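Structural features, examined
Each chain, letter by letter, is given below.
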Amino acid sequence: ATSGSANESLLQMQKNPNDWVMPTGTYNNWRYSTLDQINSKNVKNLQVAWTMSTGTDRGLEGQPIVIGDMMYYETSYPNYVYAVNLNHPDQIAWKYTPPRDSNAPPVACCDVVNRGPAYGDGMIFVDALDARLYALNAKTGKVVWSADNGHPKDGQTMTGAPMVVGNNVIVGIAGGEYGVRGYITAYNIHTGKMVWRGYSEGPSKDTLIDPATTINGATGKPVGPHSSIKTWKGDEWKVGGGTTWGWYSYDPKLNLIYYGSGNPGTWNPSQRPGKNRWSMTIWARNPETGKVKWVYQMTPHDGWDYDGVNEMVLVNVKYHGKEVPALVHFDRNGFSYVMNRENGSPIAIHKYDPSVNWATGINPKTNEPIVDPAKMTEAGKDVKDICPSSQGDKDEQPVSYDPKTGLFYAPLNHLCMSYQAFNVKYKAGFPFVGAIVNMIPGPGGYRGRFIAYNPMTGKTEWQIHDMFQDWGGALTTAGNVAFYGTLKGMFRAVDIKTGKILYQFKTPSGIIGNPITYMHDGKQYVAVLSGVGGWAAIGMADNLHKSSAGLGAVGLNATLTDYTNLGGTLMVFSLPSKVASAN
Ligand SMILES: O=C(O)c1cc(C(=O)O)c2c(n1)C(=O)C(=O)c1cc(C(=O)O)[nH]c1-2
C-alpha cells in the first residue's frame, strides 16, 4: 500500500523480539515474546536490574514500549511521558508534561489511569486524561502536533493506548459513566487531522455502518436500516455510552481493526428499553475509512455494566477441519468468545468462570445470552448475588496467548455483587450512573485468579487463586514462563505448563500494569510498572472510605492498605550476568 509507510515499518518492527514496539507487543495482541534467555529453569535467579520513580502516586496501568536503545512510558495523570536511553538508565533522556486540565480528574470514573504510549514514524503518540492526543518527536519529546479528541466538561476523558495503523493513529474515548456517546477516531500521523470518526450509536453517517453490507455476527445477515437508533427509546442514544477506552488489534491481511464498545448509559436499564445497540459490541472496521465490516453485540440491554471493551486477541483456530481466522475475547460478562474475525460469526462461547449466573448460556438460534430473569436489574429493586460484579470476571487487564501451548493466560477477577438501579437525569459533565452497587468476593472467598485456558473447549488447565483481583496484565515467553503482578504488589513468574510459581518479588506498590520483555546488549529484561490504583483499588487511589463509593468497589478491598501503599515505580528485572551468559 502506498499509504502505509508507518504501517509497513511497524509490521516489520513487530517481528524483532528485542523491541516491544507497540502497547500490545504485536498487532495481534498476543503479548507473547520469542525471547527465551529467561526461562522456566533459570527464572528463579531473576533480580532487579534497575528501577525508576515515576513521580506519581496514582494507579499505573499500561506498559513501556522499547524501540532500539530507547524506552518510552507514560504515567497516570498528570500523564508524564518519559524517554530513557537503555545505555544510560540512570538518566532521563527527556520528559514531557502536557498542560494540566483540572476538569479532567473529577470525571475519570476509575482512577486517572493511562494505558501507555504508541510509536510510529519517529513519533510517540500519547493520550492525555483531558482527551487531548499528542504526537511527540521521539528524539526530543517536543510536540509535533496535538488534537482535541473530546472535552472533560462534557465528561470525556482518555485513558487508552493509541494504535498506529498505516498513516493513522487510532484512539478511543472514555466517559460511559457520564453519558458520553462513544466513538473511535483516526488521525493522520503527520498532520494531526481527523481522517474519520465512528460512533457506537446513532445514524449510519455517524456509526459508519452500512445497513446493506455491515454484517450482524449474531444473525449472519446485514444489520439493516436504523440498526442502532431503533433499539433505543427516543433520543436516549445521544447519551448512550458505548465508549471505547480499551485495547485495539489489527489484521493486516483482512485490513480490519478490532475493538469493543462499553456499557450503555445509564447503568439503570429501566430508563433505556431496547437492545441499546451498538453498546457492548465487538467491532471490525477498515482502518483507513472506518467502514464497519461486522458487529456482534455480546450483552444486549445491559443491566450490570459489563463493558465490552476487553482486548481482541487474533489467532487462527481449527474449526470443522479448517483453519479459521478468529479472535478470542474474554468479556466482562464472564463469557469467552471465539469469533470468526472475517464475518463475526461465533465459533465457541463458554463461561470462563463457573460462577457466572446472570445468564445461563447462549441461545444457539439467536446467538444472544439467555438472561436469568432473577438476575435482571431494574429501577427500585435491589438484585442480590449477581455474578460477575460490574468489574466483570476480567476488566482492562490484558491476557496473553502462547502459540506453543495454544492456551490463553488470563489475569482475572472473581466477584459477585448486589445492584440497585434508580432513575437519573442527564446533565453534561455530571455522573450518569443510576445504580448503587456493592461488590463481594466470589464463591470460595478469593477475588482474583490467574488461569491457563482453552477458549475452544472452555477448559481451565490450571489456576492460581489470589486474595485480590489480578488487575495487571499477562506476558508469556518462549522461555515457558508467564509473568503477571498482583494487587498486593507481587511480581510473579509462573511455569506455563503447571502454574507453579517459580519466582516472585514484592514490588514497592500494587501492580496493575502489564509486563513486557526486551533484549538489550545481549541481555533479556522484563519490565513492569508498580503503582496501585485503577477501579480495583480506587479506594486507596482516591482516598475513599464509604463502602459503596468508587462505583461500589471501595468496601471490597478495604484491607488492601494492610499490604501495600500508593507510589509509582518502573521495575526492570534481568538475570545475573553469570546465569544469563550460561544460557
Ligand atoms: O465507560 C467508560 O468510559 C469507562 C472508562 C474507564 C476508563 O477510562 O478507565 C473504565 C470503565 N468505563 C469501566 O467500566 C471500568 O471497569 C474500568 C476499570 C478501569 C481501570 O482502569 O481500572 N477503567 C475503567
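Placed above this text is the structure.
Residues numbered from 1 in each chain as written. Predicted model: local features only at pLDDT ≥ 70, side-chain atom pairs only at ≥ 80, totals over all residues. Heavy atoms only, no water.

As a further point, take the overall build of the protein. The number of helices and strands found in the protein is five helices and 40 strands. Summarising its shape, the C-alpha atoms of the protein cover approximately 65 × 55 × 55 Å along the three principal directions. Looking at the 583 residues of the protein, the share that counts as buried comes to 66%. Partitioning the intrachain contacts of the protein with sequence separation of at least 6 by distance along the chain shows that 63% fall at a separation of at least 24. Entry remark: accessible area of the protein is about 19,300 Å², with carbon and sulfur atoms responsible for 52%. A distance of 2 Å separates the average location of the 51 positive side-chain charges in the protein from that of its 47 negative side-chain charges. (Helix = DSSP H or I, 4+ residues; strand = E, 2+ residues; numbered from the N terminus. Buried < 20%, exposed > 50% of the residue type's maximum accessible area, 1.4 Å probe, protein only. Contact = heavy atoms within 4.5 Å. Areas by Shrake-Rupley, 256 points an atom, 1.4 Å probe, with all protein chains shown as cover. Lys, Arg positive; Asp, Glu negative; His and termini not counted. Charge placed at Lys NZ, Arg CZ, Asp CG, Glu CD.)

Another aspect to go through is the site of the ligand. Taken together, 21 residues form the shell around the ligand, and within it Glu-61, Thr-159, Gly-175, Thr-243 and Asp-395 come nearest. For the ligand, an oxygen atom lies 2.7 Å from a polar atom in the side chain of Thr-243. Compared with its free state, where it exposes 470 Å², the ligand has 98% of that area covered by protein. Within the shell around the ligand, the residues separate by chemical class into seven nonpolar, six polar and eight charged. (Near = heavy atom within 4 Å. Polar contact = N/O pair within 3.5 Å; in protein donor to acceptor, adjacent residues only side chain to side chain. Nonpolar A, V, L, I, M, F, W, Y, C, P; charged D, E, K, R; others polar.)

Here the amide bond leading from Gly-265 into Thr-266 is cis, since omega sits at -10°, within 30 degrees of zero. Among the structural elements, Thr-266 can be located in the loop between strand 18 (256-260) and strand 19 (281-285). Put simply, Cys-387 and Pro-388 share a cis peptide bond, and its omega is 0°. One non-glycine residue with positive phi stands out, namely Asp-121, at about 50°. At Asn-276, a position not held by glycine, the phi torsion is positive, near 55°. Here Asn-276 shows up in the loop between strand 18 and strand 19. Look at Asn-276 and you get buried, because its relative accessible area is 0%.

Take the packing of aromatic side chains next. In this description, a pair of aromatic rings is defined by centroid distance and the angle of the planes. Enumeration according to the criterion identifies 34 aromatic pairs in this entry. An angle of 20° between the planes, with centres 6.3 Å apart, marks the rings of Trp-267 and Tyr-419 as stacked. Residue Trp-267 is located in the loop between strand 18 and strand 19, and its partner Tyr-419 is located in strand 30 (residues 415-421); the two are separated by 152 residues in the primary sequence. An identical accessibility class is assigned to Trp-267 and Tyr-419; each is buried. Summarising the aromatic geometry, the rings of Phe-330 and Tyr-352 are spaced 5.1 Å apart at their centres and angled 65° between planes, so their arrangement reads as edge-to-face. With Phe-330 in strand 22 (residues 322-330) and Tyr-352 in the loop between strand 24 (346-351) and strand 25 (359-362), this pair connects stretches of sequence that are 22 residues apart. Both residues of the pair, Phe-330 and Tyr-352, count as buried. Through a chain of ring-to-ring contacts, the aromatic side chains of Trp-30, Phe-330, Tyr-352, Tyr-401, Phe-408 and Tyr-453 assemble into a single cluster. Cation over ring: Lys-95 sits above Tyr-80, and NZ or CZ is 3.9 Å from the ring centre. Here the guanidinium or amino end of Arg-181 rests over the ring plane of Tyr-199, the centre of that ring lying 3.9 Å away. (Phe/Tyr/Trp six-rings, centres within 6.5 Å; stacked < 30°, edge-to-face > 60°. Lys NZ or Arg CZ within 6 Å of the ring centre and 35° of its normal.)

So, on to the pairing of strand 29 (residues 407-413). Strand 29 sits mainly inside the fold: seven of its seven residues count as buried. Burial along strand 29 is two-sided: Leu-407, Tyr-409, Pro-411 and Asn-413 and Phe-408, Ala-410 and Leu-412, pointing in opposite directions, are all buried. Across three bridges, the pairing between strand 28 (residues 400-402) and strand 29 is antiparallel. Bridge pairing in strand 29 links Asp-402 to Leu-407. Where strand 28 hands over to strand 29, the hairpin turn is made up of four residues, of which Gly-406 adopts a positive phi near 70°. Here six bridges tie strand 29 to strand 32 (residues 448-454), and the two strands are oriented antiparallel to one another. Looking at strand 32, one finds that Ala-410 is bridged to Ile-451. (Pairing = 2+ DSSP bridges.)

Enumeration according to the criterion identifies 21 salt bridges in this entry. In this structure, Glu-368 and Lys-275 form a salt bridge, with 3.0 Å as the shortest nitrogen-oxygen distance. Within this pair, whereas Glu-368 is found in the loop between strand 25 and strand 26 (369-371), its partner Lys-275 is found in the loop between strand 18 and strand 19, the two being separated by 93 residues in sequence. A relative accessible area of 14% places Glu-368 in the buried class. Of the residues examined, Lys-275 reaches a relative accessible area of 34% and is grouped as partly exposed. In this structure, Glu-378 engages Lys-381 in a salt bridge whose closest nitrogen and oxygen atoms are separated by 3.8 Å. A single network of salt bridges, built from pairs that share partners, joins Asp-305, Asp-307, Arg-332 and Asp-395. (Salt bridge = Lys/Arg side-chain N within 4 Å of Asp/Glu carboxyl O.)

Summarising the sheet, strand 36 (residues 490-495) and strand 37 (residues 501-506) pair through five bridges and their orientation is antiparallel. Residue pairing in the sheet places Phe-491 in a bridge with Phe-505 of strand 37. From the end of strand 36 to the start of strand 37, which pair antiparallel, there are five residues, and Gly-499 there has a positive phi angle of about 80°.

On to the nonpolar core, then. Tyr-72, Ile-124 and Val-169 are the most contacted members of the largest nonpolar core, which has 57 residues in total. If you look at the next biggest cluster of nonpolar residues, it comprises 51 residues, including Tyr-258, Trp-267, Met-312 and Met-339. (Core = buried A, V, L, I, M, F, W, Y, C linked by side-chain atoms within 4.5 Å.)

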